[in-house]
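Chain by chain, the residues:
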Amino acid sequence: MTGQSVIRSALWVALLASSFTATRAEILVQTLPNGLTVILEEDHSRPIVSGALVVKGGSRTETPDLSGLSHYYEHLIFRGGSREQEELEFRRVMQQLGEESGGYTSDDYTNYGFTVPSENLDEALRRSTDAWMGLDLTQEKVDKERRVVMEEYNQGQDRPDYRLYYAMLESVFQVHPYRVSPIGRREVIEGASLETFRTFYEERYVPNHMILALVGDLRVEDTLARVRELWGGFTPGRAAFEQGLIEPEQREFRFRQETLNTAQARATLAFPIPPANHPDLPALELLAAILANDDGARLWQVLKVREDLVRSVSAYADRRVDPGLFAIDLEMDLEDAGTALDKAVTALADLAGNPPLVEEVNRARTALLAARTMQQQTPFRRAEALAVGQMLGTAHDVDRYPALLAAVTRQDVARVARIYLAPERGNLALVRPTESEPFDPTTWLADWVEEWREMETRADGSAGAASLVPQPASMLPVVSGSASDGADAATGPTLIAPTALRRVLPNGARLVVRPDPNSGVVGAVVLIRGGQWAEPEGKDGLANFVANLLDKGAAGRRQTEIAQMLADLGADLEVSASADYISITVETPAGAHRNALEILADVAVAPTLPPEEREKVREDLRAQIAGLSDRPFDALNREFYDRLYRKSPYRKPLLGTEESMTGIAESDLREFLARTVVGANVVVSVSGPVDPAAIESWAQGRFGRLPAGKAIAIDARVIDGAPKEAVEVTIERDSEQVVYNTGWPTVSVTDPDYIPLRTAVGVLGDRFFFKYVYDKGVAYRSWFYQTERLGAGSAQNEMGVSPSIYRQISTEVVEDLARFTAEPIPAEELSAAQRKLISRHYLGLQTNLALAQRLAFYELSGLGIEEIDRYPVEVREVTPEEAGAAARKYLPEGRSTRVAIGKASDHQP
């Protein structure tokens, strides 16, 4: 480890969230003599560079005796220990150079990557190349990582969504290796030999099976020369690892069901479709978007708006190297499964027999293209898309996609529905509660087959040659302002806060605007102060109930109308509740942002709370509460906070309880809005290519008219101190893992002790992660973090381990914590944690929505928008003595609270 300061100056920090003149150049795709495919793209809009490496193969090329080794190697690469770097050195240093990006295994490839300030590119690329290509494999590494991979495997066995996915794959693929998910087979994870591992690595981690994409503030010629220098010495390997297994054409319906300790039923209706490079894929993606892209889509209308049969519904076309799949996911009460599935396949038959409306296709196309634009805002997502695009065909297809999508007609959508979504090609996988009666698909399937045959008799594939007519972006009036909003580009290196405009409206509402003239995306957020602090006694979950209703009707428009207008704009609107506030965000292409901001304002200040939607939301929330056990760590945190706090409202569940959901009346919802949606509680933040004057005028017109009101009191002095002696609570549950938290109540984000404590927790986070995930290999998840609350928060270690070692490991955690508070913090460890915190802070501001959210939070908290620039300075100035004092003060030995869920009492050390 070099130990050098990887943030060599404040320059990249200051500029990271600022925009330069965009100078994205032509994509260069070149294959080196040894077979490595290199993709380079210059983009000087930000002083950062990302790399993405695709290792081709994934689970599709794994024989049964190798099943899961691609994923296993992802773990081994991150553990490291190579020609030039000691074990764990790669991961530690990369977290300081910038951030690790990627790090996942799919059916077709394994992905690795990084994002760093451009001045760190050479070191990041050198270290990454060594880690990827120079792994020194030992039995000890394999054994340690085996326990980690098994914990990840066990975690999936406890989750109904994972179990459903596994069942679906086993139904769709009878022969192809896609039948097994990338996590692999238990017997291979537990039993593969060191020789097998070495052979796998030597054969597959070769340049001719890799694609390296680098995007950002780089010079193509210089970077290509450096890649040649670093990679030129590696020799190619075998040309391919294809197994020659071809999935037979499916000719009959298949059904699988499993039981699990779950409150809700989940189902996936899936169909095999062609490979990713097939010309029908854009039409299939449009079909999925028309069915379930948003709340105005067909399946949502049929299954939720009209009859409230499901809790959620989604659809997607999964692109794969070999034949992929088209899937519809449903979550519902088991008694509604038959009706919901019946109406879902009726919608499929209708689309197959009758081409969708012009406006439906245009809306879906706009939404898909906008999502693509927003997904590729960061250099890593762009690099990843180019590398994966090259694997599936060519990197240039990434930018050809809009034209391919534009060529899809209404008739194409109906045609692919008829070809690929027929009943005999259907696969139904279902996970139901353990004590429930088996689901019998016989009647449902018979009705579907009959309906499909009637459709085929009526359908005329050549009917309707009407072309798609471009539709207006929205029916909303355009807000005044020029097409470009006329924002002046910032000149020279500037900090974030000074480039942002801050205004306090006469009623107390606060506005923050940060121009970014060269971006193509606008991000905006409205934060409404209150959260759990504004909930009356006995009304637990009220804030979350309100948040879930805001976009269900506003300004006289129904939920469907709002969803359709957002889709027309290519905008994404999200509403959520936290412990301290309600957040409403919108992300939209710049050309549509004025109308998207109008919808954002409608949802924030003019919700209608329609009665029919109110009862649907109530039932959905009850189902979420009942199904909390399906999400082990969510269930854990609910139980943990209930024991951790005594006075703070944070002790109450954010979701509420089944009892409180029953007791919340319409008057409670409206009274909550009347108290919280007032000038004193509202912060509006906008970042992107906008004119500050136009945004200020809009904010004054929409939020300046709110009553001034009174700020909801959030008392950071309501501090629940640590208990006088350690608290241990075990909640027994039959599961493959014990999940548990060990922690203490701490302080508000505004407290002077917050940043010293956060740096101390950062040191603990690294210690615990590397010790329990890597050194001991006993956990897949071992986090130590401090919550960011306006009131007094918490610091906690969150972990999942096998029941057989829970007592041993949980005791060891407490001993580690005691030693940490008793000993001085080494300066080198503190420095590493500081660099990591600062790096994460700035790399978390790569999109305009993220920047708007962070500015809004600092303004709402009372720290002010200048905190976005002060924070790194404050972190850097913390001394080991200050961090140690904060740890001793708030993490006292022998006074922690520990809550565990699982078979914790069955296995004693």
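Just so it is clear, the model here is predicted, and its values are computed rather than measured.

> I'm lost on the overall build of the protein in this one. Help?
A tally of helices and strands in the protein yields 32 helices and 24 strands. Relative to its length of 909 residues, the protein is compact, with a C-alpha radius of gyration of 27 Å against a globular reference of 29 Å. With 909 residues in all, the protein has 62% of them scored as buried. Here the contacts in the protein between residues at least 6 apart in sequence split such that 83% fall between residues at least 24 apart. Split by element, the accessible area of the protein, about 33,500 Å² in all, is 49% carbon and sulfur. The average position of the 98 basic charges and that of the 133 acidic charges among the side chains of the protein differ by 2 Å.

> What exactly am I supposed to notice about the sheet that holds strand 7 (residues 254–260) here?
Strand pairing in a sheet is mediated by backbone hydrogen bonds. Such pairs are either parallel or antiparallel. Strand order across the open sheet formed by five strands is 7-11-8-10-9, with mixed pairing between neighbours. If you trace the sheet from one side to the other, it starts and ends with strand 7 and strand 9 (312–318), each paired once. The average undirected angle you get between the axes of adjacent strands in this sheet is 15°. Bridge analysis of strand 8 (residues 265–273) against strand 10 (residues 324–332) gives nine bridges, and the strand direction is antiparallel. In the strand pairing of strand 10, Thr268 is matched with Asp329.

> Even after reading the chapter, I still don't get the sheet that holds strand 23 (residues 794–801), so can you show me in this structure?
Pairing within the open sheet is mixed, and its five strands lie in the order 20-24-21-23-22. One side of each edge strand has no neighbouring strand; the edge strands of this open sheet are strand 20 (727–732) and strand 22 (782–786). Neighbour to neighbour, the strand axes of the sheet diverge by 15° on average, direction disregarded. In the sheet, strand 21 (residues 738–745) pairs with strand 23 via eight bridges, with the strands oriented antiparallel. Across the sheet, residue Gly743 finds its bridge partner in strand 23, namely Gln796.

> Please clarify how the environment of Asp122 should be interpreted in this entry.
Assignment of secondary structure puts Asp122 in helix 4 (residues 121–133). Taking the C-alpha atoms as reference points, Asp122 and Glu619, separated by 497 residues in sequence, lie 54 Å from one another.

> Please explain the layout of surface pockets as it appears in this structure.
Think of a ball as big as a water molecule: rolled over the atoms, this probe shows where empty space is left. Taken as a whole, the second largest pocket holds about 1,300 Å³ of empty space. If you go around the second largest pocket, you meet 41 residues; those closest to its centre are Gln95, Phe769, Trp783, Lys836 and Arg840. For the lining of the second largest pocket, the element with the most residues is helix 27 (residues 754–775), which contributes nine residues.

> Explain the confidence of the model for the protein to me, please; I cannot follow it from the model alone.
Detailed conclusions should not be drawn from predicted coordinates in areas where pLDDT is low. The pLDDT averaged across the protein works out to 90; a share of 93% of its residues lies at or above 70. In the model of the protein, helix 1 (residues 10–15) stands out as the element of lowest mean pLDDT, 34, in contrast to helix 19 (residues 542–549), which has the highest, 98. Counting contacts from residues 1–23, a segment whose pLDDT is below 50, to residues more than four positions away or on other chains yields 67 contacts. Taken together, the stretch residues 461–494 has pLDDT below 50 and engages in 53 contacts with residues farther than four places along the chain or on a different chain.

> Sorry if this is basic, but what is going on with the packing of aromatic side chains here?
To describe a pair of aromatic rings, one takes the distance between the centres and the angle between the planes. Here the structure, examined in full by the defined rule, presents 31 aromatic pairs. Ring geometry for Phe271 versus Trp448: centroids 6.1 Å apart, planes at 85°, classification edge-to-face. Linking Phe271 in strand 8 with Trp448 in helix 17 (residues 442–458), this pair joins segments that are 177 residues apart in sequence. Of the two residues examined, Phe271 and Trp448, each falls in the buried class. Among the aromatic residues, those joined into a ring-pair cluster are Tyr72, Tyr73, Phe197, Phe200, Tyr201 and Tyr205.

> Help me understand helix 3 (residues 89–97), please; the structure alone is not making it clear to me.
Structural remark: α-helix, 3.6 residues per turn; residues separated by three or four positions point the same way. Of all nine residues in helix 3, eight are buried; the element is thus mostly enclosed. Those residues of helix 3 that fall on the buried side of the exposure criterion are Glu89, Phe90, Arg91, Val93, Met94, Gln95, Gln96 and Leu97. Looking at the buried side of helix 3, the elements it contacts are helix 2 (69–79), strand 4 (99–105), strand 5 (109–117), helix 4, helix 27 and helix 29 (827–843).

> Could you clarify how one ought to interpret the pairing of strand 5 in this entry?
Consecutive side chains of a regular strand alternate in pointing toward one face of the sheet and then the other. Burial analysis of strand 5 places nine of its nine residues in the buried class, which makes it a mostly covered element. Summarising the sheet, strand 3 (residues 48–56) and strand 5 pair through nine bridges and their orientation is antiparallel. Across the sheet, residue Leu53 finds its bridge partner in strand 5, namely Tyr112. With six bridges connecting them, strand 4 and strand 5 associate as antiparallel partners. Paired with Glu99 across the bridge in strand 5 is Thr115. The hairpin formed by strand 4 and strand 5 contains three residues between the paired strands.

> Just checking my understanding: could you explain the pattern of salt bridges for this structure?
Any two side chains of opposite charge can pair if their charged atoms end up close together. Under the criterion given, the structure shown has 79 salt bridges. Note that Arg415 is salt-bridged to Asp280, the shortest N-O span being 2.9 Å. With Arg415 in helix 16 (residues 410–420) and Asp280 in the loop between strand 8 and helix 10 (281–292), this residue pair connects regions lying 135 residues apart in the sequence. Salt-bridge contacts for Asp412 lead to Arg415; the nearest nitrogen and oxygen are separated by 3.6 Å. A residue pair is termed a helical-turn pair when its members lie 3 or 4 positions apart in one helix, as Asp412 and Arg415 do in helix 16 at three residues. Since its relative accessible area comes to 28%, Arg415 is described here as partly exposed.

> Quick question: what am I supposed to make of the nonpolar core here?
The nonpolar side chains of a soluble globular protein tend to be buried, and buried together. Val526, Ile582, Ile584, Leu600, Val686, Trp698 and Phe703 are the most contacted members of the largest nonpolar core, which has 136 residues in total. Broken down by element, the residue count for this core peaks at nine residues, all from helix 27. Non-local contacts of Trp698, meaning those with residues more than four positions away in its chain, are made with Leu597, Glu598, Leu600, Ala601, Val684, Val686 and Phe703. Judged by nonpolar contacts, the second largest core, of 60 residues, contains Ala267, Ala344, Val361 and Tyr401.

> Which parts of the structure should I look at to understand the pairing of strand 11 (residues 427–433)?
With seven of its seven residues buried, strand 11 lies for the most part within the structure. In this sheet, strand 11 lies alongside strand 7 in parallel orientation, the contact comprising seven bridges. When the bridges of strand 11 are listed, Phe255 appears paired with Leu428. Bridge count for strand 8 against strand 11 is five bridges, and the pairing is antiparallel. Within strand 11, the position partnered with Ala267 by the bridge is Leu430.

> Hey, could you run me through unusual backbone geometry in this one?
Residue Asp308 is not a glycine yet carries a positive backbone phi of 55°. For Asp308, the position within the fold is in the loop between helix 11 (298–305) and strand 9. Positive phi outside glycine occurs at Ala555, with the angle close to 55°. In this structure, Ala555 sits in the loop between strand 15 (553–554) and strand 16 (557–558).

Thresholds applied
Going along each chain's sequence as written, the residues are numbered from 1 onward. The predicted nature of this model means local features are confined to residues of pLDDT at least 70 and side-chain atom pairs, given and counted, to a pLDDT of 80 or more, with totals for whole chains, interfaces and linings taken over all residues. Side-chain figures throughout are based on the complete set of non-hydrogen atoms in the structure, without hydrogens or water. A run of H or I in DSSP counts as a helix once it spans at least four residues, and a run of E counts as a strand once it spans at least two, with each numbered from the N terminus. Two things to know: the radius of gyration comes from C-alpha atoms, and the globule rule equals 2.2 Å times the number of residues to the power 0.38. Only protein chains enter the accessibility calculation, which uses a 1.4 Å probe; a residue is then buried when its area is under 20% of its type maximum, exposed when over 50%, and partly exposed in between. In this analysis, two residues are considered to be in contact whenever any of their non-hydrogen atoms come within 4.5 Å of each other. Note that accessible areas follow from Shrake-Rupley with a 1.4 Å probe, and for residues the cover is restricted to the protein chains shown. His residues and chain termini do not enter the charge count, which takes Lys and Arg as positive and Asp and Glu as negative. Every charge is mapped to an atom, namely NZ of Lys, CZ of Arg, CG of Asp or CD of Glu. Two strands pair under a simple rule: DSSP has to find at least two bridges between them. A fitted line through C-alpha atoms serves as each axis, taken over the contacting stretch for helices, and the angle formed by two N-to-C directions is quoted from 0 to 180°. Note on definitions: the grid is 1 Å and covers protein atoms alone; a cavity is a set of points where a 1.4 Å probe fits but cannot get out; a pocket is an open set with protein on both sides within 12 Å along at least five of seven lines; lining residues have an atom within 4 Å of a point. Grid points are joined across faces, edges and corners, and a volume is the space filled by probe spheres set on the points. As a per-residue quantity, pLDDT reports the predictor's confidence and falls between 0 and 100. Aromatic pairing here means that ring centres of Phe, Tyr or Trp (its six-membered ring) are within 6.5 Å. Orientation follows from the plane angle: under 30 degrees is stacked, over 60 is edge-to-face, and everything else is tilted. The salt bridge definition used is simple: a Lys or Arg side-chain nitrogen within 4 Å of an Asp or Glu carboxyl oxygen. We call a set of buried residues a nonpolar core when its members are Ala, Val, Leu, Ile, Met, Phe, Trp, Tyr or Cys and they connect through side-chain atoms within 4.5 Å of each other.

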